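Notes for the structure review
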Amino acid sequence: MQFKRTTFAMLFAAAFAGQAGAQQSTRTDRQEIQEVIVTAQKRPEAASRTPVSLTALSGDELQKKGIQNVEDLTNTVPNVQIGTESAGNTTIYIRGIGSNNTTEQGDPAAAFHIDGVYLARPDQARNAFLDVERVEVLRGPQGTLYGRNATAGAVNVISNKPGAEFDASANVEVGNYNLRRAEAMLNVPVNETVSLRAAVLARSEDNYIETPRATGNRASQKTGRLHALVKFTPSSTWLVTLDGSEFQGPTSAGVPLPLTVERGSGGQRNDTVLRADGRAYYTGVTSELTTALDNVTFTWLASTRNRRLDWASRLVTPMAPDGSENGSSTRSEQLSNEFRLSSSGNGPLRWVAGLYFFSETQDTQGAFSDGFLDFDIDDADAKSRALFGQATYAFTPVLRATLGLRSTRDEKSCGECVRYVAGFGATTTEERNWSHNDWKLGLDYDLDKDTMAYAVVGSGYKAGGYNLAAPAVPFLGQPAAPVHFYEPEQLLSAEAGIKGRMLGNRGRYTAAFFVYDYKDLQVNTLLPLGGGLTTGGVGNAAKARVYGFEAEGRLRAGQNGTITSSLGLTSAKYDTYTSCTDELDGTRLDCSGNYLRNAPKVTVTLGYEHFIPLEQGELVARIDTRYASKYYNDDANSDVFTQDSHTRTNLSLRYDAPGGRWYATAYARNLENNNVMNARLSNTVFGAFGYTAAPRTAGLSIGARY
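Conventions and cut-offs
Residues numbered from 1 in each chain as written. Predicted model: local features only at pLDDT ≥ 70, side-chain atom pairs only at ≥ 80, totals over all residues. Heavy atoms only, no water. Salt bridge = Lys/Arg side-chain N within 4 Å of Asp/Glu carboxyl O. Helix = DSSP H or I, 4+ residues; strand = E, 2+ residues; numbered from the N terminus. Buried < 20%, exposed > 50% of the residue type's maximum accessible area, 1.4 Å probe, protein only. Pairing = 2+ DSSP bridges. Disulfide = S-S within 2.5 Å. Contact = heavy atoms within 4.5 Å.

**Considerations on the pattern of salt bridges**
Within the structure shown, the criterion is met by 40 salt bridges. Between Lys42 and Glu338 there is a salt bridge; the shortest N-O distance is 3.4 Å. Of the two residues, Lys42 sits in the loop between strand S3 (37–38) and strand S4 (45–46) while Glu338 sits in strand S20 (residues 324–343), which places them 296 residues apart along the sequence. Pair check on accessibility: Lys42 and Glu338 agree, each one buried. Residue Arg340 is joined to Glu338 by a salt bridge in which the shortest nitrogen-to-oxygen separation is 2.3 Å. Both residues of the pair, Arg340 and Glu338, count as buried. Within the structure, one salt-bridge network assembled from shared partners comprises Asp107, Arg121, Arg148, Glu360, Asp410 and Lys412.

**Comments concerning unusual backbone geometry**
Of note in this structure, Leu503 is not a glycine but carries a positive phi near 50 degrees. Mapped onto the elements of the fold, Leu503 is located in the loop between strand S29 (489–502) and strand S30 (507–519). The exposure class assigned to Leu503 is partly exposed, which follows from its relative accessible area of 42%. For Asn673, which is not a glycine, the phi torsion comes out positive at approximately 55 degrees. By secondary structure assignment, the location of Asn673 is in the loop between strand S42 (662–669) and strand S43 (677–683). By relative accessible area, which is 14% here, Asn673 ends up buried.

**Thoughts on the pairing of strand S5 (residues 54–58)**
The element S5 is largely enclosed, with a buried count of five among its five residues. Residues Leu54, Ala56 and Ser58 point to one face of S5 and Thr55 and Leu57 to the other, with burial holding for every one of them. As defined by bridge partners, S5 adjoins strand S10 (residues 132–139) across five bridges and the pair is classed as antiparallel. Looking at the pairing, Ser58 lines up with Arg134 of S10.

**What about the state of the cysteines?**
Going through the model one piece at a time under the given rule, you end up with two disulfides. The disulfide bridge from Cys414 ends at Cys417, spanning 1.3 Å between sulfur atoms. Disulfide Cys414-Cys417: torsion about the S-S bond near -60 degrees, hence left-handed. The class for Cys417 is buried, based on a relative accessible area of 1%. One disulfide in the model links Cys580 with Cys591; its S-S distance is 2.2 Å. Taking the torsion about the sulfur-sulfur bond, which here is approximately -60 degrees, the covalent link between Cys580 and Cys591 counts as left-handed. In this pair, Cys580 is assigned in strand S35 (residues 580–581) and Cys591 in the loop between strand S36 (588–589) and strand S37 (602–613), connecting sequence segments eleven residues apart. Judged by its relative accessible area of 1%, Cys591 is buried.

**Points about the side chain of Thr84**
Residue position: Thr84 is located in strand S6 (residues 80–84). Sequence-distant contacts of Thr84, defined by excluding residues within four places in its chain, comprise Glu71, Asn89, Thr90, Asn678, Ala679 and Tyr691.

As C-alpha cells, this is what we get:
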C-alpha cells in the first residue's frame, strides 16, 4: 500500500503539478518545497494540513507570474473565472458559481476579503493588490466561517505587515499600451513597541480598444496603505490600517458581440463601441486587536469603508457619434465588527467561535438612455449579524473530525427608492429579512506522515434581495409593477480530497472531487417594461447540479527546475429552469439542461521555471500557459455570448543581482494575442457588448530592495 501510494503520487504530481501552497525557497535551499501558512480557517495552519480545497500564492510568486489584480488569478487557479466590467465591477465565478448582479440590492456569490475584512461591493476588489504577502483562494461554500455570500467560495488577500527590521523596496514597470507603473514600500521599526509600514502604487495604461471612438479611456490608479503595529506585550498587539485609492477610467470599452475575430486587434476594433469613463474613490480604516490569555486568543477586527463611484457610458456609432448617455453616481459606507475567540493550545481540541456584525448604506442616482430610465435610490440598507463556531477534535494522532455551525440573520431595506420610466415614477419603501443556519461536517485522516485524506459536507447561503417597483407608462402600454423580492439561494456541497508530499518534500500535490446541490439560484433576467423594452432584474431559478474534479501540485525537476500545473473539470448545469429569458429579445425560454455561466468544462495550467546560476547573480526563466474549454456568458447558452476554447501563454526572464538587492524582468503575456471575453453587458436597447481580457502585452520591470 505504501509503494502504491508513493507511485501514484509521483505520477500524479508529474502530470498535474500546481501551487497548492508553495513558497519560493532561497537559492541555497531550492530542493525542498517550503510550506506556506494560511488563515483560511480563521487560524494559522499549514496549507498542506488544511482540509479544504484552496490555492495559496505567495507574494513572491504573484510578482513572478505577473499577477497584479484579482482578474489575473484566472490564469493560475483551477475552476476560477474572473472578469471586470466597465464600471470596475469584478465578477468572480468559482466552479461555475457566481453572480454579475452588481446593483445596490445585489450581492456577489464569492466573498472577497482584504486582511480579513469583507468587501461588499464587487468593484472594491480592484484596490487590494498592493504589497501583498499572499493570496488564498478557497473553492466551495464557506458558510460556517465566512457566512453569507460565500456560496462559490472566498478570495483572501493578505498584505505584508510591519516587521521588526528596517526595509524598503521600489519597482517601476513600462510596457506597451503606454503602461506606466510604480510601486514602493517602506518599513520602519520606530521602537520596540511601534512599527510602521507604508506602501504606494501608481499605474496608468491606454485603452486596449483600437478605435478612435474609444478615445479618452485611459485608465489610472493611485493607491496607498499605512499599517501601524503596536506591541503592548509579546502576546498582545494592535494593528491599525489606513488605505485609500483613486481610479479613473475603465480598463477597456465594451465592443459588440460576437467578437469579429478570435485573435489580434481586429477582434477589439469596431466602429460601434460602448464607451465608458469613470472615477472611483475608496477609503478605509481597519483596527485589529489581538491578545492571548492562557490557551485562548481573542481578536477584535473592526473596519469602516467608504466608497464613491461615478461613471458614464455612451453607445457611439457611425450614425450617432455622440451616442446615448448612461451613468450613475453612488455613495456607500460599510461597517463591520468581528469578535473572535480561538484556541491556541496543543490539546486534541482546536476551535474558533465568534460574533459578526455588518451594515451597509448606499445612495445612487442614475440615468440611462438619455434619461428615459432613471433611478433615485436613497438609503438602500443591508444589515447582517451572525453567531458562528467551528471545532476540530483529534480522536487519535491521525484521525480528526470537524463540526461547524453558523446562524445568520440578514435584513435589506430601501428608505425611498424611485425608478422613473419616461418621466413616470414608482417608489419602493420595503423591508425584508431572512434567517439561515449553515453547517459543516468533516473528517481528515493521515494515511502516512506525508499524506492526508479528507471529506467534508456543508452548506452555503446567499441573502435574498429585491427589484425596484416599476411605474405605469400609458403610451407604452406598460402596467405598474410592484416591488419584486427574490429569495435566498442555498447550496449543499460534498467534497473528498487528498493532499500530500513526496520525494523528500521535492513534490506536493492535492486533488479533490466535489458535487453540489444548488437551489433557488439568483439569476439576472430581463423584466418587461412594455413597448418591447425591458429592464434588468433578478429572479430565482429552480435548481442546478454541479460536480467535478480538480488537482494541483508542484514538482522539483533536477537541481534548478520546477514544474507546476493544475487541472479543473466541471459539469455545471440547470436541472430545471423554465423561466429563462433571452437577453436580446426578451422572449421566455426553457433553459433546463443548459450550462451555468462562466463554467468551462476543462481548465488546465502548465508551467516551468528554471534557475540559471551566474558568476554574479542568477537568471530565472519562466513559461506558463492556461487552456480553457468553451463556456457561456448567458443562461440561454446562445452563440452571441459564447467564449470559445482558448489558451493564454506567458513568458518572462528575470535577472536577480547578488544578495537580491535589485532585479530586472522582461515579460510577454498572452502570446497568442487571443481575444477573451471575461465580462459582458446586454439589453434590448443596446444589444450585446463584451469586455475582453488584456491582449498581447509586453514590458520591462526593474526593482530594488534595501
